[in-house]
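Working through the structure, step by step
The primary structure of each chain is shown beneath.
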Amino acid sequence: MKMIISIAALLLCGALLYGQEDAASHKARYDRQTRVVGASGVGVETILDRWEADFPEDPAMLEGRYKFYLEKSRSSEVVSKDTPKYLGAAPVLTLKDSTGRDVFYYQEDFYVDSLFALSQSAIDKAVAVAPNELAYRVDKITSLMLYEKGSPDLATAELLKLIAYNRDARPSWTYYGTSVGEDIFISTVQEYCYNYFRFATPDSYEAFLKVSEAMLKLYPSNTDFLSNVGSYWLVYRQKPRQALKWYNKVLKIEPDNYTAAKNCVLLARTEKDTKLEKKYLPALIRATDSEMERASCEARLAVLNKK
């Protein structure tokens, strides 16, 4: 009886091992094919179909589906705008019209809604199977930001959901299977804030503030998100005195914070407040890595000290 049980156990282990190797072989074939033809090129869908038939809940396969449909849904067009910057990007070409006015041309991506929806369904399943895999969360939010552009309502809702999950579940995050610390989660959210700010639309600025405030509830001493709120008030709302309150919070925690010191000096110069500029120049002198900027600030401070 013991011999029969042992043989059965060996057969079971062999079957499990074979299944793992087979899943890995699907992934290896997929990786080889996409390196050559891209995420939606010839042969990729066939590989995904076979992979799904054997492992319908493999999150790596589901991510492959997501990338397949996302790329299938995307097309690029050259569009003209009357502004020298659009969604944070510089024009690919600038020409004059018949009146001599500059016309700026940008390459912009557009998406077929039906195919984009399929990509979202696939990545939603991957997140459901592996909720602590940060890469799939990034896939979801990034694609929504690309789709919505300067009006990132869905992307913001998904990002706030991610922040709430981090708060409530305190997950052990991984990135493609490798354990990562909470600092990676924080820097990931800050990267999205950077893109909100770069898009420079009313909706993206409001999303920038909303996400930064949500993060400050979890990390009240994080100087990046404190600076974000200051920059919202300074750049978008153009209320320098309100911005100054937030930059002061940063400098109280981190006296040599370059972003806060720099913005305080710029703010003072914009307001033509030499007393305020004199106050913050020493912090900028300490914080900067640029010898040229340091020398310029020291010279300016010397002039102000003589007045």
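Model, not experiment: these values are computed from the prediction. (Residues numbered from 1 in each chain as written. Predicted model: local features only at pLDDT ≥ 70, side-chain atom pairs only at ≥ 80, totals over all residues. Heavy atoms only, no water.)

1. A look at the pattern of salt bridges
Evaluation of the coordinates by the stated rule reveals 17 salt bridges. Between Arg65 and Glu52 there is a salt bridge, and its shortest N-O distance comes to 2.8 Å. Here the residue Arg65 occupies a position in helix H3 (residues 59-73), and Glu52 occupies one in helix H2 (residues 44-54), the gap between them amounting to 13 residues. Judged by its relative accessible area of 31%, Glu52 is partly exposed. A salt bridge links Arg167 to Asp168; its shortest N-O distance comes to 2.7 Å. Connected through salt bridges with shared partners, the residues Asp49, Glu52 and Arg65 form a single ionic network. (Salt bridge = Lys/Arg side-chain N within 4 Å of Asp/Glu carboxyl O. Helix = DSSP H or I, 4+ residues; strand = E, 2+ residues; numbered from the N terminus. Buried < 20%, exposed > 50% of the residue type's maximum accessible area, 1.4 Å probe, protein only.)

2. A closer look at the nonpolar core
Side chains that are nonpolar tend, in soluble globular proteins, to be buried together. Judged by nonpolar contacts, the single largest core of 73 residues is most densely connected at Leu159, Ile163, Phe185, Val189, Tyr196 and Met215. Setting aside residues up to four positions removed in sequence, Leu159 forms contacts with Ile141, Val189, Tyr192, Tyr196 and Val211. (Core = buried A, V, L, I, M, F, W, Y, C linked by side-chain atoms within 4.5 Å. Contact = heavy atoms within 4.5 Å.)

3. Points about a nonpolar patch on the surface
Together, Val78, Val92, Leu93 and Leu95 give the surface a local cluster of nonpolar side chains, amounting to about 360 Å² of exposed area. Relative to the helices and strands, Leu93 is located in strand S2 (residues 93-96). (Patch = residues over 30% accessible without salt bridge, like charges linked within 9 Å, V, L, I, M, F, W, Y side chains within 5 Å. Areas by Shrake-Rupley, 256 points an atom, 1.4 Å probe, with all protein chains shown as cover.)

4. Things to note about the pairing of strand S3 (residues 102-111)
Here strand S1 (residues 74-81) runs beside S3; their pairing, made up of eight bridges, is antiparallel. Within S3, the position partnered with Arg74 by the bridge is Tyr111. As paired strands, S2 and S3 are joined by four bridges and run antiparallel to one another. Residue pairing across strands places Leu93 opposite Tyr105, the latter belonging to S3. The hairpin formed by S2 and S3 contains five residues between the paired strands, and Gly100 there has a positive phi angle of roughly 90°. (Pairing = 2+ DSSP bridges.)

5. Digging into the sheet that holds S3
Read from one edge to the other, the open sheet built from three strands follows the order S1-S3-S2, with strand pairing classed as antiparallel. The open sheet is flanked by S1 and S2, the only strands paired with a single partner. Sheet twist, expressed as the average angle between the axes of neighbouring strands with direction ignored, equals 30°. Relative to the sheet, H3 contacts S1 and S3, its axis offset from that of S1 by approximately 40°. (Axes fitted to C-alpha atoms, helices over the stretch in contact; angles between N-to-C directions.)

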